Amino acid sequence: MVKRSKIIYALVLAGLLGFVLALCGCRGKPDTSATTHTSLRPQLELVCEKPLGNVAENRIPDVTKSGWSLGIPFTRPVVFPDGGWVLAVEEAQMTLLDTASGKELWKKATYGGIDNYVATEDRLYLTEKGSYGKKKEHGYVICLDAKSGKELWRYDIQRDLAPVVERHILADAKLSYCCYIKLALFGDKLVAKGYTGWKVGEKSDKAEVLLRLDRDGRRLWKVESHGYPGIAAHSRIELIGDRLVMGSYTYGDSTTGPTYIHAFDINTGEKLWQFDIEHEDELAYSDATDVAVAIVGDKVVGITNYGRIYVLDENGNKLNTFLAFEPVKRNGTVICTNVWGNKVAGYGNDTLIIAPGKTVVKGAANYQARAPVQHPDAGSVKVYGLDGKLKWKFRLGGQATVLSVKGDYMILGTAHNQDTLDWSYCGVYAFNLAQEGAGEEVDVTKESAVEKYLGYYRTDGVIPYGCLDASADNRTICAATWPTRVGTEKHGRHSLYILKLR
């Protein structure tokens, strides 16, 4: 009996030691699936990997270039709420797959490209892809029957957006982007935002519309906007009670005015309140301010890209503010990090989750400029109470591109480490948020940490922004990878991974 206890103890100790080594950055073989950041009791399992075909050389982006991901037709998955199906949306076609087997159910053309989409059990809502640098005649929201792929209706956002653009655009303006459409679905309430942007010289301008559609594709109300900060930029559109809330973006308080969080009545489109936010130059790496929002219980939480957190009630009154991260100095260089709208989420009644991105050098003209050291919070996930106290933190190794919180589970999709150009941590991470945590860094020698961290699956290549989706309980996860390069050195392949959280 004593001998058996010693064996069990040795196995547990070996598992914990491997976990600690993984957190310190030890790598497995490049062709293995989950050899870094391995959980003691991994629960994230691969159902299947489906190759999605070769990518043309001119579509493989160089990640050292600014804006390297812009205009790339990444494959994006949309997972149905029950986790039974996934729609893999490629540039020319989209395919509905059974997530248990990977079997194809139907396939059809993508109407010239799809940007965004949401799913219910019986319907798919898709947005036609916008256009870089040239005018689009139409920009559709398309509703499909999920089971058959049959089109039920389409609504042309350009019918509302184009007249706003025409009233404000100057004759010598150069279009940056035309008719980008974002969707949000709350039960049977479908909300769409359309955007067209342009430049006159170096000055950026834009027009937007925010509208709600009913189940049959009829417009219920419309809000128009011209200029920055505008309706919304990188912020998700969220709902608290009957209030739609979202953050905005400004190029600088003296250039386009201060940014804000604002709210609209989801039933009428009436603007209900606005909370203005002044730029803090000592915290930010540039003059621009982006604000994202998350709903935490009955609170609206605003998160600036440079780490300032605002806790508001549902009527826009400030309850608290705190800093989630701040710049550090190294040899006279000010080093920052940032967080954007798709990397923030709320959990329960008192928990905010953020995933700061890459290291950024303050004042550098090139966003990709190399810093002498990494920012201590870059490439991590941080979990706070609304009192500003850090509950726990986990270092991811690479940068999070997608953060999904549903039920008690948090799923993160990651790309390479943009500071060190290390591809070892591309993949999917899973956490159980119901487990308590405390301290500045997850202590892997404690049982609570082992319970909290459910596993990591390493993918062959980056999971770009928007290329991961999960079921309503976050237990069926689908992620699409895309090849990237540094100069002529290529990394990764084009595949769809279907994973299950057991």
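Overview of the structure. (Residues numbered from 1 in each chain as written. Predicted model: local features only at pLDDT ≥ 70, side-chain atom pairs only at ≥ 80, totals over all residues. Heavy atoms only, no water.)

To continue, consider the overall build of the chain. A count of helices and strands for the chain gives 4 helices and 39 strands. The buried share of the chain, taken over its 502 residues, is 55%. Long-range contacts, defined as pairs at least 24 residues apart, comprise 55% of the intrachain contacts of the chain with a sequence gap of at least 6. When the accessible surface of the chain is summed, it comes to about 21100 Å², and 50% of that surface belongs to carbon and sulfur atoms. (Helix = DSSP H or I, 4+ residues; strand = E, 2+ residues; numbered from the N terminus. Buried < 20%, exposed > 50% of the residue type's maximum accessible area, 1.4 Å probe, protein only. Contact = heavy atoms within 4.5 Å. Areas by Shrake-Rupley, 256 points an atom, 1.4 Å probe, with all protein chains shown as cover.)

The subject of this paragraph is the state of the cysteines. Across all of its chains, the model carries 0 disulfides by this definition. Between Cys478, a cysteine without a disulfide, and Cys48, which holds the nearest cysteine sulfur, the sulfur-to-sulfur distance is 8.2 Å. (Disulfide = S-S within 2.5 Å.)

A few words now on the pattern of salt bridges. Under the criterion given, the structure shown has 27 salt bridges. Where Asp115 meets Lys129, a salt bridge forms, and the shortest distance between an N and an O atom there is 3.4 Å. In this pair, Asp115 is assigned in strand S6 (residues 114-119) and Lys129 in the loop between strand S7 (123-128) and strand S8 (131-132), connecting sequence segments 14 residues apart. When the shortest N-O distance is used, the salt bridge between Glu151 and Arg154 registers 3.0 Å. Exposure remark for Glu151: the relative accessible area of 28% places this residue in the partly exposed category. Overall, the relative accessible area of 34% leaves Arg154 in the partly exposed class. Within the structure, one salt-bridge network assembled from shared partners comprises Asp160, Arg167, Arg219, Lys222 and Glu224. (Salt bridge = Lys/Arg side-chain N within 4 Å of Asp/Glu carboxyl O.)

Sheet strands pair by backbone hydrogen bonding; their relative direction is either parallel or antiparallel. Taken together, 4 strands build an open sheet; the order of strands is S26-S27-S29-S30 and the sheet is antiparallel. Every other strand in the sheet has two partners, leaving strand S26 (344-347) and strand S30 (390-395) as the edge strands with one partner each. In this sheet, neighbouring strand axes are inclined to one another by 15 degrees on average, regardless of whether the strands run parallel or antiparallel. Bridging between strand S29 (residues 380-385) and S30 involves 5 bridges; their strand directions are antiparallel. Its bridge partner lying in S30, Lys382 is registered against Lys393. (Pairing = 2+ DSSP bridges. Axes fitted to C-alpha atoms, helices over the stretch in contact; angles between N-to-C directions.)

Right, let's get into the packing of aromatic side chains. The geometry of an aromatic ring pair is captured by the separation of the ring centres together with the interplanar angle, meaning the angle of the planes. This model, assessed by the stated rule, comprises 17 aromatic pairs. A centroid spacing of 6.0 Å and a plane angle of 50 degrees characterise the contact between Tyr125 and Trp153, whose relative ring orientation is tilted. Of this pair, Tyr125 sits in strand S7 while Trp153 sits in strand S10 (residues 151-156), and the two are 28 residues apart along the sequence. Judged on exposure class, the residue Tyr125 and its partner Trp153 are both buried. Seen from their ring centres, Tyr132 and Tyr177 are 4.5 Å apart, and the 85 degrees between their planes marks the pair as edge-to-face. Placement of the pair is Tyr132 in strand S8 and Tyr177 in strand S11 (residues 174-186), with a sequence separation of 45 residues. Here Tyr132 falls in the partly exposed class, since its relative accessible area comes to 44%. Here Tyr177 falls in the buried class, since its relative accessible area comes to 8%. An aromatic cluster is present here, built from Trp392, Phe394, Tyr429, Phe431, Tyr453 and Tyr456 joined pairwise through their rings. Above the face of the Tyr140 ring, Arg154 is positioned so that its terminal group lies 4.5 Å from the ring centre. (Phe/Tyr/Trp six-rings, centres within 6.5 Å; stacked < 30°, edge-to-face > 60°. Lys NZ or Arg CZ within 6 Å of the ring centre and 35° of its normal.)

In this section: unusual backbone geometry. Here Tyr228 and Pro229 are connected by a cis peptide whose omega angle stands at 0 degrees. Within the secondary structure layout, Pro229 lies in the loop between strand S14 (219-226) and strand S15 (238-240). One non-glycine residue, Asn331, lies in the positive phi region at around 50 degrees. In this structure Asn331 comes out as exposed when scored by relative accessible area, which is 80%. Phi angles above zero are rare outside glycine, and Asn474 is one such case at about 65 degrees.

Once that is clear, we can look at the side chain of Arg123. By secondary structure assignment, the location of Arg123 is in strand S7. At 2.6 Å, the side chain of Arg123 forms a polar contact with the backbone oxygen of Arg215. The contact partners of Arg123, leaving out residues within four places of it in the chain, are Phe80, Val118, Cys143, Leu144, Ala146, Leu152, Trp153 and Arg215. (Polar contact = N/O pair within 3.5 Å; in protein donor to acceptor, adjacent residues only side chain to side chain.)

So, about the sheet that holds S14. Read from one edge of the open sheet, 5 strands run S8-S11-S12-S13-S14, paired in antiparallel fashion. Each having just a single partner strand, S8 and S14 make up the two edges of the open sheet.

Okay, the nonpolar core next. Residues Leu44, Ile411, Val428, Leu468, Ile477, Leu496 and Leu501 are the most contacted members of the largest nonpolar core, which totals 37 residues. Examining the composition of this core, we find that 5 residues originate from one element, strand S39 (residues 495-501), more than from any other. If near-sequence neighbours (up to four positions away) are discounted, Leu468 is found in contact with Pro77, Val402, Ile411, Leu412, Gly413, Val428, Ile463, Ile477, Cys478 and Ala479. (Core = buried A, V, L, I, M, F, W, Y, C linked by side-chain atoms within 4.5 Å.)

With that settled, the discussion passes to the pairing of strand S13 (residues 203-213). The buried fraction of S13 is high, at 10 of 11 residues. When strand S12 (residues 189-200) meets S13, the two strands line up antiparallel, connected through 11 bridges. Following the sheet pairing, Lys199 is matched in S13 by Ser204. As defined by bridge partners, S13 adjoins S14 across 7 bridges and the pair is classed as antiparallel. From the neighbouring strand, Val209 faces S14, where its bridge partner is Glu224.

Those residues of helix H2 (residues 158-168) not exposed but buried are Gln158, Asp160, Leu161, Ala162, Val164 and Val165. Buried-residue contacts for H2 involve S10, S11, S12, S13 and S14.

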